[in-house]
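Observations on chain architecture
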Amino acid sequence: MGSNDYDSEKPPHTVILPAYRIAKMPVMVAQFAQFVKATGYTTTAEQQGSAWGWNGKEYVEIQGRALGALRTKEQRRAESRTSGHVCFLA
């Protein structure tokens with residue numbers, strides 16, 4: 001894990017993870033939204049108030065409660081209706 005390319009990623013090092021599970025099926029945007037509503041789950045970005053995201057040219061810090069800040073409201077609404085993969089849940 002890590003690299004010598006960026007100061008924030010140094011040094012490359014080995015990481016040993018405990019056993020974990022990954023679901024066999026991708027979780028869709030709408031399913032993830034249901035999970036959030038049912039459990040009150042919040043991402044690290046939401047907890048900290050910012051996150052780093054790719055804007056198409058470079059990584060930028062996104063202020064606010066959601067990584068969706070880089071997309072327009074219409075794009076986010078369209079995404080919620082598509083079968084785009086969000087994450088995998090066990």
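Residues numbered from 1 in each chain as written. Predicted model: local features only at pLDDT ≥ 70, side-chain atom pairs only at ≥ 80, totals over all residues. Heavy atoms only, no water.

1. Considering the pattern of salt bridges
Counted under the stated rule, the structure contains 1 salt bridge. The salt bridge partner of Asp7 is Lys10, with a shortest N-O separation of 3.3 Å. You can call Lys10 partly exposed: its relative accessible area is 42%. (Salt bridge = Lys/Arg side-chain N within 4 Å of Asp/Glu carboxyl O. Buried < 20%, exposed > 50% of the residue type's maximum accessible area, 1.4 Å probe, protein only.)

2. Concerning the side chain of Ser3
For Ser3, the position within the fold is in the segment before β1 (27–28). In terms of polar contacts, Ser3 uses its side chain to reach the side chain of Glu9, at 2.6 Å. Setting aside its immediate chain neighbours within four residues, Ser3 contacts Glu9, Lys10 and Pro12. (Helix = DSSP H or I, 4+ residues; strand = E, 2+ residues; numbered from the N terminus. Polar contact = N/O pair within 3.5 Å; in protein donor to acceptor, adjacent residues only side chain to side chain. Contact = heavy atoms within 4.5 Å.)

3. A few points about the packing of aromatic side chains
All chains considered together, the criterion is met by 3 aromatic pairs. Ring centres 6.1 Å apart and planes at 75° place the aromatic pair Phe32 and Tyr41 in the edge-to-face group. Between the aromatic rings of Phe35 and Tyr41, the centroid separation amounts to 5.4 Å while the plane-to-plane angle is 45°, which identifies the pairing as tilted. The class for Phe35 is partly exposed, based on a relative accessible area of 27%. Looking at Tyr41, the relative accessible area reads 37%, which means it is partly exposed. A network of ring pairs unites the aromatic residues Phe32, Phe35 and Tyr41 as a single cluster. (Phe/Tyr/Trp six-rings, centres within 6.5 Å; stacked < 30°, edge-to-face > 60°.)

4. Re the confidence of the model for the protein chain
Confidence along the protein chain averages 74 in pLDDT terms, with 71% of residues attaining 70 or more. Here strand β4 (residues 85–87) is the element of the protein chain with the lowest mean pLDDT, 46, and helix α1 (residues 29–39) is the one with the highest, 85. Per-residue pLDDT stays below 50 along residues 81–90; that stretch engages in 24 contacts with residues further than four places along the chain or on separate chains. (pLDDT = per-residue confidence, 0-100.)

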